[in-house]
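# A structural walkthrough
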Amino acid sequence: PSADGEGYGVWVDYGDWVDDGDGDDDGDGDDDGDWDDDGEGDDDGEGDGDGEGDVDGDDDGEGYDDGMQTAVFEAVVDLKETLGIALTRLGGFAEARRVLADALEGRIELDGPFHFSSAKVMLLLADVCVWEGDVKGSLALRRGILRVLEAPGGPEGIPGEGCPEEVPRIAAASRLVLADDMIQQGERGKALSLLRGAAGHLLPLAGGGSDAVRSAALDVCGRLVGLGDGPRAEELLRPAVRDCEGRLGPRHAETLKATALLADALMSQGRFAEAAALHERVHRILARDLGPESDQALRSLRSRAEAVLGAGDREGSARLYRQALEILERTAGPGSEEVQHMRDTLGRITGTGA
């Protein structure tokens, strides 16, 4: 706003760009050719020394000072981040990507490349890349996130006491995404290394983290079990199960998921009797709460049967598989491929066919 509040200008007062008899004589808005009115409280590039201040209030003739420039620039970057999030939610992914890329450039200029704020913008941009189908771009950004979050000494600007889990949660999630890609590429060893690192990030929080941390931990454990690292998964799952039981109750879906994963981790280590007991607990709750023919209860029944078989109880396993077969015949139809597969499994266990 201009000095008299009636117009707008950046470096000069209102009324100094026209020949109105108020300090100019050539109709060009000044009287010295320098776009100023010779020391009437505006920026003439030399300071005016009249004690009235210039545009930024410091009377140095330099316009906005460095502190104000930084504050304005940071506000613009914040707005771009907010706009990028809004555009993403509205499905404007191309525009969101452009805006967030600008925000990331600004954030790096403001805070540096190894600042937590830069990693958070990378995360937003990585999600947009996924929506656009740019898998390579998303993976590159996830690697960038890890370089920031796992830099020697940790990232700059980490959240305060109110968000102690932000860094490990985001790092673990990025490792999980990269590991999934490596699994698809057949690089199981590299994937396993990434997942073990993710488990290391999450382990200190497994016994009392937020819902997001718990969900990430269960996802990581599922991959670890699939890749054969039951011990590492068990290490993360036991405190997670205790936390779920204490905060959510033994019948909650997350508690049952964590318990079933723990059973799978034990099975991968050959500890079938322990696993069978856990799978039995989960199956009984699911069958009672959701019904014995629900998909969740049926999957749990089959896992229970597999664990019992591993423990050496072929008769008990065959009984459970027959229960599963009867349910499948009613729900999927006697001629379904799944039913035939179940019959073959039962036949191998009994040696006589279904």
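This structure is a prediction, so every number in the text was calculated from the model and none was measured. (Residues numbered from 1 in each chain as written. Predicted model: local features only at pLDDT ≥ 70, side-chain atom pairs only at ≥ 80, totals over all residues. Heavy atoms only, no water.)

## Some remarks on the packing of aromatic side chains
- The final tally for this structure, using the stated rule, is one aromatic pair.
- Measuring from centroid to centroid gives 5.4 Å for phenylalanine 93 and tryptophan 131, while their planes differ by 5°, and the two rings are stacked. A residue pair is termed long-range when its members are at least 10 positions apart, and phenylalanine 93 in helix H2 (residues 93-111) and tryptophan 131 in helix H3 (residues 116-132) qualify at 38 residues. (Phe/Tyr/Trp six-rings, centres within 6.5 Å; stacked < 30°, edge-to-face > 60°. Helix = DSSP H or I, 4+ residues; strand = E, 2+ residues; numbered from the N terminus.)

## Some thoughts on the packing of helix H4 (residues 135-149) against helix H5 (residues 166-184)
- One way to put it is that H4 packs onto H5 with a least axis distance of 9 Å and a crossing angle of 140°. For the element pair H4 / H5, the angle class is oblique. The handedness of the crossing between H4 and H5 comes out as left-handed. The segment H4 lies against H5, with Leu139, Arg142, Arg143, Ile145, Leu146 and Leu149 engaging Val167, Ile170, Ala171, Ala173, Ser174, Arg175, Val177, Leu178 and Asp181. (Axes fitted to C-alpha atoms, helices over the stretch in contact; angles between N-to-C directions. Parallel < 35°, antiparallel > 145°, perpendicular 65-115°, else oblique. Left-handed = near helix turned anticlockwise from the far one by under 90°. Contact = heavy atoms within 4.5 Å.)

## Things to note about the packing of H5 against helix H7 (residues 211-226)
- Interaxial distance between H5 and H7 falls to 10 Å at its minimum, and their mutual angle equals 30°. When the axis of H5 is compared with that of H7, the two are roughly parallel. Considering the relative orientation of H5 and H7, their crossing is left-handed. For the pair formed by H5 and H7, the contact residues are Arg169, Leu176 and Asp180 on the first element and Ala212, Val213, Asp219, Val220 and Arg223 on the second.

## Focus: the nonpolar core
- Within the largest apolar cluster, 77 residues are counted, with the highest numbers of intra-cluster contacts made by Leu149, Leu202, Val220 and Leu237.
- Sort the elements by how many residues they give to this core and H3 lands first, with nine residues. (Core = buried A, V, L, I, M, F, W, Y, C linked by side-chain atoms within 4.5 Å. Buried < 20%, exposed > 50% of the residue type's maximum accessible area, 1.4 Å probe, protein only.)

## Some details on the layout of surface pockets
- By volume, the largest pocket amounts to about 310 Å³.
- Taken together, 16 residues line the largest pocket, and the ones lying closest to its centre are Leu256, Ala260, Val282, Leu286 and Gln296.
- Within the residue set of the lining of the largest pocket, elements represented by two or more residues are helix H9 (253-268), helix H10 (272-290) and helix H11 (295-310).
- At six residues, H9 tops the list of elements feeding residues into the lining of the largest pocket.
- Among the residues making up the lining of the largest pocket, the classes are represented as seven nonpolar, four polar and five charged. (1 Å grid on protein atoms, 1.4 Å probe; cavity = no way out; pocket = protein on both sides within 12 Å on 5 of 7 lines; lining within 4 Å. Points joined across faces, edges and corners; volume = space filled by probe spheres on them. Nonpolar A, V, L, I, M, F, W, Y, C, P; charged D, E, K, R; others polar.)

## Some points on the confidence of the model for the protein
- Overall, the predicted model of the protein reaches an average pLDDT of 82, with 77% of residues at or above 70.
- At the low end of the mean pLDDT range in the protein sits H7, at 89; at the high end sits H10, at 97.
- Long-range and interchain partners of residues 1-59, a stretch whose pLDDT sits below 50, account for 95 contacts in this model, where long-range means more than four residues apart. (pLDDT = per-residue confidence, 0-100.)

## A word on the environment of leucine 139
- Here leucine 139 lies in helix H4.
- Using a relative accessible area of 9% as the deciding quantity, one classes leucine 139 as buried.
- In the structure, leucine 139 is positioned 39 residues away from leucine 178 in sequence and 6.5 Å away in space, judged by C-alpha atoms.
- Leaving out residues up to four positions away in the same chain, leucine 139 has contacts with Val177, Leu178 and Asp181.

## With respect to the environment of leucine 104
- Mapped onto the elements, leucine 104 comes out in helix H2.
- When its relative accessible area of 11% is taken as the criterion, leucine 104 is described as buried.
- Through-space distance from the C-alpha of leucine 104 to that of valine 77 is 8.1 Å; in sequence the pair is 27 residues apart.
- Every residue in contact with leucine 104, bar those within four places of it in the chain, is listed here: Ser118, Val121, Met122 and Leu125.

## Considerations on the environment of arginine 188
- Summarising the element assignment, arginine 188 is placed in helix H6 (residues 188-202).
- On a C-alpha basis, the gap between arginine 188 and leucine 227 in space is 7.3 Å, while along the polypeptide they are 39 residues apart.
- Every residue in contact with arginine 188, bar those within four places of it in the chain, is listed here: Met182, Gly226 and Leu227.

## Focus: the side chain of glutamate 166
- Note on placement: glutamate 166 falls in helix H5.
- You can call glutamate 166 buried: its relative accessible area is 17%.
- Side chain to side chain, glutamate 166 and arginine 169 meet in a polar contact 3.1 Å long. (Polar contact = N/O pair within 3.5 Å; in protein donor to acceptor, adjacent residues only side chain to side chain.)

## Observations regarding a nonpolar patch on the surface
- Residues Met68, Val72 and Val76 make up a contiguous nonpolar surface patch of about 220 Å² in total accessible area.
- Structurally, the position occupied by valine 76 is in helix H1 (residues 66-90).
- Since its relative accessible area comes to 37%, valine 76 is described here as partly exposed. (Patch = residues over 30% accessible without salt bridge, like charges linked within 9 Å, V, L, I, M, F, W, Y side chains within 5 Å. Areas by Shrake-Rupley, 256 points an atom, 1.4 Å probe, with all protein chains shown as cover. Salt bridge = Lys/Arg side-chain N within 4 Å of Asp/Glu carboxyl O.)

## Notes on the pattern of salt bridges
- Scanning the model with the defined rule gives 31 salt bridges in all.
- Across the salt bridge formed by glutamate 74 and arginine 107, the nearest N and O atoms sit 3.9 Å from each other. Of this pair, glutamate 74 sits in helix H1 while arginine 107 sits in helix H2, and the two are 33 residues apart along the sequence.
- Its salt-bridge partner being glutamate 293, residue arginine 330 comes within 2.7 Å of it at the nearest N-O pair. Of this pair, arginine 330 sits in helix H12 (residues 314-331) while glutamate 293 sits in the loop between H10 and H11, and the two are 37 residues apart along the sequence.
- Given the relative accessible area of 38%, glutamate 293 is considered partly exposed.
- Several salt bridges converge on common partners, so that one network encompasses Glu74, Asp78, Glu81, Arg107 and Asp111.

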